[in-house]
Amino acid sequence: MRYAQKQLCAECFSRFFERRAWRTVKNSNLFRRGDKIGAAVSGGKDSLVLLHLLHKWHFNPVAIAIDEGIRGYRKHTLGHAENFCSENKIPVHVFSFQDEYGITIDKASKKKKAQGPCAYCGVFRRDLLNKKARALGCDRLATGHNLDDEAQTVLMNFFRGEFSRMARGGAVTGLVQSPGFVQRVKPLLLSPERENVAYALINGIEYSDAECPHARTSYRASIRDALNSLEEKYPGTKFALLRSHEKSLPMLKAHFGAGAEVGGCGRCGEPSGNAVCEACKCLGELRG
Ligand code: SF4
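Here the residue numbers are simple positions, counted from 1 along each chain's written sequence. In keeping with the predicted nature of the model, local features appear solely for residues at pLDDT of at least 70, side-chain atom pairs appear and are counted solely at 80 or more, and the whole-chain, interface and lining totals rest on all residues. The basis for every side-chain value is the complete set of heavy atoms in the structure, and neither hydrogens nor water enter the calculation.

Peer 1: Can you explain helix H7 (residues 147–160)? Please cite residues and give values.
Peer 2: Residue pairs three or four apart in sequence face the same way in an α-helix, which turns once every 3.6 residues. The end-to-end C-alpha separation of H7 is 20 Å, in line with the 20 Å expected for 14 residues at 1.5 Å each. Burial classes: relative accessible area under 20% of the type maximum marks a residue as buried, over 50% as exposed, and values in between as partly exposed (1.4 Å probe, protein chains only). Secondary structure counts use DSSP, requiring at least four H or I residues in a row for a helix and at least two E residues in a row for a strand, with both numbered from the N terminus. The buried fraction of H7 is high, at 10 of 14 residues. Turning to H7, its buried residues are Leu-147, Asp-148, Asp-149, Glu-150, Ala-151, Gln-152, Val-154, Leu-155, Met-156 and Asn-157. Looking at the buried residues of H7, the elements they touch are helix H2 (45–56), helix H8 (163–166), helix H9 (193–202), helix H10 (219–233) and helix H11 (237–255). For the purposes of these results, a polar contact is taken to be a pair of N or O atoms within 3.5 Å, where, inside protein, one atom must be able to donate a hydrogen and its partner to accept one; residues adjacent in sequence count only when each atom of the pair is a side-chain atom. The backbone nitrogen of Asp-148 has a side-chain oxygen 2.9 Å away, supplied by the residue at the start of H7, namely Asn-146. Just downstream of H7, Gly-161 is the residue with a positive phi angle, here 70°. The length a helix should cover is 1.5 Å for every residue beyond the first. Here, residues are in contact when the closest pair of their heavy atoms is within 4.5 Å.

Peer 1: Quick one: what's the story with the state of the cysteines, residue by residue and with numbers?
Peer 2: A pair of sulfur atoms, both from cysteines and within 2.5 Å, is called a disulfide here. Tallied over the entire structure, the rule returns zero disulfides. Residue Cys-12 stays outside any disulfide, its sulfur separated by 3.6 Å from that of Cys-9, the closest cysteine. Looking at Cys-12, the relative accessible area reads 31%, which means it is partly exposed. No disulfide involves Cys-265; its sulfur sits 3.7 Å from the nearest other cysteine sulfur, which is in Cys-268.

Peer 1: Tell me what's going on with a nonpolar patch on the surface, and back it up with residues and numbers.
Peer 2: Residues Phe-158, Phe-159, Phe-163, Tyr-219 and Phe-256 make up a contiguous nonpolar surface patch of about 480 Å² in total accessible area. Here Phe-163 shows up in helix H8. Each patch is built from salt-bridge-free residues with over 30% relative accessible area, joining like charges within 9 Å and nonpolar side chains (Val, Leu, Ile, Met, Phe, Trp, Tyr) within 5 Å. Accessible surface is estimated by sampling points in the Shrake-Rupley manner with a 1.4 Å probe; for residues, cover comes only from the protein chains shown. We define a salt bridge as a side-chain nitrogen of Lys or Arg found within 4 Å of a carboxyl oxygen belonging to Asp or Glu.

Peer 1: Describe the site of the ligand, with residues and values.
Peer 2: Put simply, a residue is near a molecule or strand once any heavy atom of it comes within 4 Å of that molecule or strand. What surrounds the ligand is the set Ile-70, Ile-105, Cys-118, Cys-121, Arg-125, Cys-212, His-214 and Ala-215. If one sorts the elements of the shell around the ligand by residue count, helix H6 (residues 117–135) sits on top with three residues. Here the residues of the shell around the ligand sort into six nonpolar, one polar and one charged. In the scheme used here, Gly and all other residues not listed as nonpolar or charged are polar, with Ala, Val, Leu, Ile, Met, Phe, Trp, Tyr, Cys and Pro taken as nonpolar and Asp, Glu, Lys and Arg as charged.

Purely spatial values, then, with no claim about function.
Dropping the structure here:
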């Protein structure tokens, strides 16, 4: 752990890793007593480490998985998620883009729209996770976002001038409120991706390391490579970026009216700050 100038044995590392995640849960009040917790799982290292911790801490999570319809990839990763859940007796529910929206990400990627498949994928995944977590009666939806994901998102939003999106970041995500939103939380926000891999290996968590075929062409992949090379040269860069984002969060939230109550989308009725929600806009584009 070059950023902390630390070298730990497997046992001490696991303890250190768990304490850091627990501190995030406590310090940011991610869960309240009696909350029903949904966990978004894909079968990759981050989501299975998250599920392992929630299970170990006796939160009785419900796993929610999304099949975006990506050939040669998602079925494989979902297999790992289902195995993990069955071994640990965790209920798991799988929902697909095809059933919900009548389209898969593979089909969307062939439509040659201005936006790449990842833009549609992210919007539909957020929408579907929220709907299904709410339908399952969850009070919180935990996601496996790690330090690398968050640092990449901060930088991408900054480069694009998307400051209102920056205001939604942090361990407790979102800006506006609606009874239709299930609060999303990120217990692994301070865990570097490499350490999620190490923790999974040490603790015998069998995850899928398959990479989505659409990932290579994404803007995020370029940002990830740039950040990794900066981290290599200047250890601690990703933590520094997160700290600087944290400092600006109160200002951003105040500026963009955090906490305001929003109504429903004019087409589907899902909570939205705009007349038409992002998922309906994307569907309109894809069908147009
Ligand atoms: Fe979806 Fe893009 Fe991630 Fe693939 S890389 S799962 S298309 S967001």
